[in-house]
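Reading the structure
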Amino acid sequence: MRPIRVRIGVLGLALVAGLAAPTAATAAPEAASAAPAPTVEERRLDGEVPREILRRSGFAAVAPAFARGLGRADSYREARAVVAREGAALWRRAVDRVQGRGPARGDLSRDDDRPLYWARLGMTRELRAWESGFGLSERQRAALLTELERTSRGQTDLRLPRGGHGKGVKRVLLTGFDPFTLDRDVRISNPSGAVALALDGTVIDTPDGPARVETAVFPVRWADFAEGTVERALRPYLPRVDLFTTVSQGRVGRFDVERTNGAWRGGFPDNDNVARTETVPVADPASQPQWTTTTLPYAAITAADTGRFPVYDNTSVTEIPAGGDEPVVRPDGPTPGSTAREGGGGNYLSNEIAYRATLLRDRLGLHGTLPGGHVHTPVLQFGAGNTDPAAGAVTDPEFVRNRLDIVAQTRAVVGVAVSAAGTDRD
């Protein structure tokens, strides 16, 4: 995500260094608490566009069915089982729809990532408002919400094949993001989320052999990242994969392989309209670097013909030089001792997921052996004439074509990266 100096913003993909705050647990029962109010994200569900997207994709019944399942639970244990089952079912249903399995149940094109986003918010709103018959504590509700987030984002469905590291099928981990900047245009789709749904569980044939891709998506919320959602989701898998990439929406008309990631949050509001301007909060901040770098084979990726959009090796950053006090743009990367203000991917959550993922790689001792980093896709644009959020259609042929082309080219980029990384290891 690059809200800075970018027309629409960005989003992305990733993995990183151990920050994680402990997840809410099933500790001793507490007094029942009143249901909290819906979040800013959840309140957008009342608008006409989200309702249309859910109706035209066949996902309108997801949240009501989930609410009925919760209503039948007469213990916390049963409620947790319902949440885990229905969250995982939503992820699988979204993947199946995008990949052409089963009926489409609506006239929206199958490649659309937005039904997953809005259906999940419908479920979290139902869970947040649920008044159980057995007395649900605030801590238990938080744990259920965490479980729903993880399962409905594919974070508990990462099924890596055996082998890897040069033996058998290569293993690739890829992440995407939810739609964002929704107050600017609530119709927005995020191509990185569409990529994650389209590639999950698929096999890419490369000159270096087949590569199995497993994917997950992440929220566009500062608080979730500070609480360690990226590290919790990705830490078990990084030592087992052959390559990872975080993906997000970036600049208009181009792909970018981001060479450097910075340890700075620039303050652009997230999907809950919360802003954060601070150093990226991670575990063990005393050893935290200002910069991390990609280990993706960027030269091979940018040299390959992967699709209609140009692909750039982006080396630019913004830093405060050592001994200085004002930000300076550096086209060729950071200088020694400088303080980060923007990585190549800006200073929003796409930069942060890249920073966290690559920091995790490094803290696990994998910098020299695991190719990984961040790829920004082009901004996904509607067709000419469909630019007014208040009056525009939620889809159009050019919008669909652009999304399909971005997905196909990202798949090709991953294939090139796997092949080039395998060659480098030989």
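Residues numbered from 1 in each chain as written. Predicted model: local features only at pLDDT ≥ 70, side-chain atom pairs only at ≥ 80, totals over all residues. Heavy atoms only, no water.

Details of the sheet that holds strand E11 (residues 317–320)
Sheets are built from strands paired through backbone hydrogen bonds, the pairs being either parallel or antiparallel. Heads up, the rule is: We treat two strands as partners when DSSP finds at least two bridges between them. Only DSSP runs of H or I reaching four residues or more are called helices, and only runs of E reaching two or more are called strands; each is numbered from the N terminus. Orientation is described by lines fitted to C-alpha atoms, with helices fitted over the stretch in contact, and by angles between N-to-C directions that extend from 0 to 180 degrees.
What the three strands build is an open sheet, ordered E12-E11-E13; its pairing is antiparallel. Both edges of this open sheet fall to strand E12 (328–330) and strand E13 (339–342), since each of them pairs with a single strand only. Taken pair by pair, the neighbouring strands of this sheet meet at an average axis angle of 40°, ignoring direction. As paired strands, E11 and E12 are joined by three bridges and run antiparallel to one another. The partner of Thr318 across the bridge, within E12, is Val329.

Digging into the nonpolar core
Under the convention used in this document: For our purposes a nonpolar core is just a set of buried Ala, Val, Leu, Ile, Met, Phe, Trp, Tyr and Cys residues, chained together by side-chain atoms within 4.5 Å. The rule is simple: take the accessible area with a 1.4 Å probe, protein chains only, and divide by the maximum for that residue type; under 20% is buried, over 50% is exposed, in between is partly exposed.
Residues Phe66, Trp118, Leu127, Trp130, Leu144 and Leu174 are the most contacted members of the largest nonpolar core, which totals 66 residues. When residues of this core are assigned to their parent elements, the largest contribution, nine residues, is made by helix H4 (residues 76–98). Residues Leu158, Leu160, Val241 and Ile353 belong to the second largest nonpolar core, which totals 24 residues.

Focus: the packing of aromatic side chains
Note the threshold: Here a Phe, Tyr or Trp ring, Trp counted by its six-membered ring, pairs with any other such ring whose centre lies within 6.5 Å, and the pair is stacked when the planes are under 30 degrees apart, edge-to-face when over 60, and tilted otherwise.
Summed over the entire model, instances satisfying the criterion amount to nine aromatic pairs. With a centroid separation of 4.9 Å and an interplanar angle of 70°, the aromatic rings of Tyr117 and Trp118 are classed as edge-to-face. Classification of Tyr117 by relative accessible area gives buried; the value is 2%. Its relative accessible area of 0% is what places Trp118 among the buried residues. Centre to centre, the rings of Phe382 and Phe399 are 4.1 Å apart; their planes meet at 10°, and the pair counts as stacked. Of this pair, Phe382 sits in the loop between strand E14 (372–377) and helix H12 (397–425) while Phe399 sits in helix H12, and the two are 17 residues apart along the sequence. Across the pair, exposure class does not vary: Phe382 and Phe399 are buried alike.

A short note on the confidence of the model for the protein chain
Going by this rule: One confidence number per residue, pLDDT, is output by the predictor and ranges from 0 to 100. Note on contacts: a residue pair is in contact if any heavy atoms of the two residues lie within 4.5 Å.
Across the protein chain, pLDDT averages 92, with 90% of residues at or above 70. Every residue in residues 4–29 scores below 50 in pLDDT, and together they form 136 contacts with partners more than four places removed in sequence or on other chains.

Remarks on the side chain of His374
For clarity, the cut-off: Whenever a nitrogen or oxygen atom comes within 3.5 Å of another N or O atom, the pair is scored as a polar contact, on the condition that within protein one atom can donate a hydrogen and the other can accept it, and that pairs from neighbouring residues in sequence are kept only if both atoms are in side chains.
In this structure, His374 sits in strand E14. Residue His374 is classed as buried on the basis of its relative accessible area of 1%. Within the structure, the side chain of His374 is placed 2.7 Å from the side chain of Ser248, a separation counted as a polar contact.

Side note on helix H3 (residues 62–71)
How we decide: To obtain the arc, one takes the directions from the helix axis to the C-beta atoms.
When we look at burial in H3, the residues that qualify are Val62, Ala63, Phe66, Gly69 and Leu70. With its buried residues spanning 115° around the axis, H3 presents them on a single face. Opposite the packed face of H3, turned more than 90 degrees from it, sit the exposed residues Arg68 and Gly71. Taken together, the buried residues of H3 touch H4, helix H5 (114–129) and helix H6 (138–152).

With respect to unusual backbone geometry
The phi torsion at Thr181 lies on the positive side, around 55°, for a residue other than glycine. Positive phi outside glycine occurs at Asp284, with the angle close to 50°. Among the structural elements, Asp284 can be located in the loop between strand E8 (277–279) and strand E9 (291–293). The partly exposed category is assigned to Asp284, whose relative accessible area is 45%.

Examining the pairing of strand E3 (residues 209–218)
In terms of burial, E3 is a largely internal element, eight of the 10 residues being buried. Two strands pair when backbone bridges link them, and strand E1 (residues 170–177) and E3 are joined in this way by eight bridges, in the parallel orientation. Bridged to Arg171 within E3 is Arg212. As paired strands, strand E2 (residues 203–206) and E3 are joined by four bridges and run antiparallel to one another. Across the sheet, residue Thr206 finds its bridge partner in E3, namely Gly209. The antiparallel pairing of E2 with E3 creates a hairpin that spans two residues between the two strands.

Side note on the sheet that holds E2
Ordered by their spatial adjacency, seven strands build an open sheet running E2-E3-E1-E4-E14-E5-E10, and the pairing between neighbours is mixed. Because the sheet does not close on itself, it has two edges, and the strands there are E2 and strand E10 (311–314). Going across the sheet, the axis of each strand differs from the next one's by a mean of 25°, ignoring polarity. Across four bridges, E1 lies against strand E4 (residues 243–249) in parallel orientation. Bridged to Leu173 within E4 is Phe244.

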